[in-house]
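Architecture and fold: a report
The primary structure of each chain is shown beneath.
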Amino acid sequence: MRRLVWAAIAMVSGFGSAEAAVSGYYDSVEQIGIILGSSEVANAVHQAPIGAISNTGTRKDGAKEWTVRVQDCDLKVYLIPVLPEGPGKTTYQLDIPNVCR
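The structure reproduced in this document is the subject of the present report. (Residues numbered from 1 in each chain as written. Predicted model: local features only at pLDDT ≥ 70, side-chain atom pairs only at ≥ 80, totals over all residues. Heavy atoms only, no water.)

The next point concerns the sheet that holds strand β4 (residues 91-95). In spatial order, the strands read β1-β2-β3-β4; together these four strands make up an open sheet with antiparallel pairing. Every interior strand has two partners, whereas the edge strands, β1 (50-58) and β4, have only one. Geometrically, the sheet is characterised by an average inter-axis angle of 30° between neighbouring strands, direction not taken into account. Two elements, strand β3 (residues 73-82) and β4, share five bridges in a ladder whose sense is antiparallel. The residue of β4 that forms the bridge with Y78 is D95. (Pairing = 2+ DSSP bridges. Helix = DSSP H or I, 4+ residues; strand = E, 2+ residues; numbered from the N terminus. Axes fitted to C-alpha atoms, helices over the stretch in contact; angles between N-to-C directions.)

So this is what it looks like as structure tokens:
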């Protein structure tokens with residue numbers, strides 16, 4: 001009986017659940033994919049070829065800051081984390097405050 005009670009407590013509190021955090025590598029791959037797959041980013045850099053994409057920090061609101069380097073511009077883009085309502089992975093909303101001139 002005691003074992004059953006502990007198992008129930010573990011299930012309710014999330015211990016032993018099948019959910020797992022996404023590794024940093026795969027989270028970064030997803031973030032870069034969002035940036036590369038965005039027509040908004042392509043338009044913001046005027047379709048210029050990308051020289052580099054770098055994670056350059058975190059904004060005060062928790063958004064992940066990325067810099068997209070093209071020939072004559074370093075475009076800052078932000079990925080705002082959207083947490084799942086239940087088990088699942090974090091997704092991201094893209095924020096592009098400026099465009100390359």
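So, next bit.
Moving on to the environment of A42. Counting through the fold element by element, A42 comes out in helix α3 (residues 39-44). Residue class for A42 comes out partly exposed when judged on its relative accessible area of 24%. Along the primary structure A42 and V99 are separated by 57 residues, whereas in three dimensions their C-alpha atoms are 9.9 Å apart. (Buried < 20%, exposed > 50% of the residue type's maximum accessible area, 1.4 Å probe, protein only.)

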